[in-house]
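# Close look at the chain arrangement
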Amino acid sequence: SGVWRETVWRVLEERMRACDGERWRQCYKALTCCEFLVAQGHERCANDIKQSGHLERLMRFEHKDERGRDEGINVREKAKKLLALVSDPEAVREARDKAERNRGKYSGMSSEQARNRSSSSFDDGYRGSVSASASVGGRSAYEAPTPAATTAPTTPSQWDQVRVPPVKNQMEQTVDA
């Protein structure tokens, strides 16, 4: 809660307060962050966002780019959506419940994990689910790759030995058939 007030909220509030002209994207991103924090952050976030008064002002935000396109609509719509969310305690509870249910579903892999991942995980028979060979008798022949065919070259000398058969263009395939 202390970090929320001292750092995060201060920056978000600054972005929403300074929403003018070309800085509309920073404001939009701050609103997106607020939306995330309502669902994932401290329960106090929703009240702080609602009581700030920024959302009502941002619902009237106007900005057109040099071609006359209304860029303000993005900020207005996001502010309207966020105000509706923080104004309804039931909607906040549902957003938080949904976030809780989804929290374990999505995970990534750090670059360190990717570097340390063994190449053996790629030799599980999946590498390129099927490989296409040339057209045979007017039909395409597909063969499952063999383990030897799925081992990827790892050194420059192995890459030099890779031979890729020439692919006929559509016109040549039609004439041969």
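Our subject is the structure listed above.
As a starting point, this report considers the structure included with it. Computed from a predicted structure; not experimentally measured.

So, on to helix α6 (residues 89-102). Counted at 1.5 Å a residue, the expected span for α6 with its 14 residues is 20 Å, and the 20 Å between its end C-alpha atoms agrees. One side-chain oxygen at the N-terminal end of α6 lies 3.1 Å from the backbone nitrogen of E90; it belongs to D88.

Turning to helix α3 (residues 44-52), its buried residues number three or more, namely C45, A46, D48 and I49. Each buried residue of α3 lies within a common arc of 165 degrees when the element is viewed along its axis, so the set occupies one face. Positive phi appears at G53, one or two residues downstream of α3, with a value of about 85 degrees.

Attention now moves to the state of the cysteines. Enumeration according to the criterion identifies zero disulfides in this entry. Here C27 stays free of any disulfide, with the sulfur of C19 as its closest cysteine sulfur at 3.1 Å.

Between α3 and helix α5 (residues 72-87), whose axes approach to 9 Å, the crossing angle comes to 125 degrees. When the interaxial angle is binned, α3 and α5 end up oblique. The chirality of how α3 crosses α5 is left-handed. From α3, A46, I49 and K50 reach across to α5, where they touch L82, V86 and S87. In terms of residue class, the contact of α3 with α5 is built from four nonpolar, one polar and one charged.

Glancing now at the packing of α5 against α6. Viewed as axis vectors pointing N to C, α5 and α6 meet at an angle of 100 degrees, and their least axial separation amounts to 5 Å. As judged from the angle between their axes, α5 and α6 are roughly perpendicular. Contacts between α5 and α6 involve L85, V86 and S87 from the former and P89, A91, V92 and A95 from the latter.

So, on to the pattern of salt bridges. By the definition in use, this model includes 13 salt bridges. Ionic pairing is found between K81 and E35, a salt bridge with its closest N-O pair at 3.4 Å. Here the residue K81 occupies a position in helix α5, and E35 occupies one in helix α2 (residues 24-40), the gap between them amounting to 46 residues. Between E90 and R93 there is a salt bridge, with the nearest N and O atoms lying 2.8 Å from each other. One end of the pair, E90, and the other, R93, are both in helix α6, three residues apart, so they sit about a helical turn from each other. Look at the salt bridges and you will find they share partners, linking D65, R67, R69 and E71 into a network.

Reading the values: the criteria
- Residues numbered from 1 in each chain as written.
- Predicted model: local features only at pLDDT ≥ 70, side-chain atom pairs only at ≥ 80, totals over all residues.
- Heavy atoms only, no water.
- Helix = DSSP H or I, 4+ residues; strand = E, 2+ residues; numbered from the N terminus.
- Expected span 1.5 Å × (residues − 1).
- Polar contact = N/O pair within 3.5 Å; in protein donor to acceptor, adjacent residues only side chain to side chain.
- Buried < 20%, exposed > 50% of the residue type's maximum accessible area, 1.4 Å probe, protein only.
- Arc of directions from axis to C-beta.
- Disulfide = S-S within 2.5 Å.
- Axes fitted to C-alpha atoms, helices over the stretch in contact; angles between N-to-C directions.
- Parallel < 35°, antiparallel > 145°, perpendicular 65-115°, else oblique.
- Left-handed = near helix turned anticlockwise from the far one by under 90°.
- Contact = heavy atoms within 4.5 Å.
- Nonpolar A, V, L, I, M, F, W, Y, C, P; charged D, E, K, R; others polar.
- Salt bridge = Lys/Arg side-chain N within 4 Å of Asp/Glu carboxyl O.

Geometry only, nothing functional implied.
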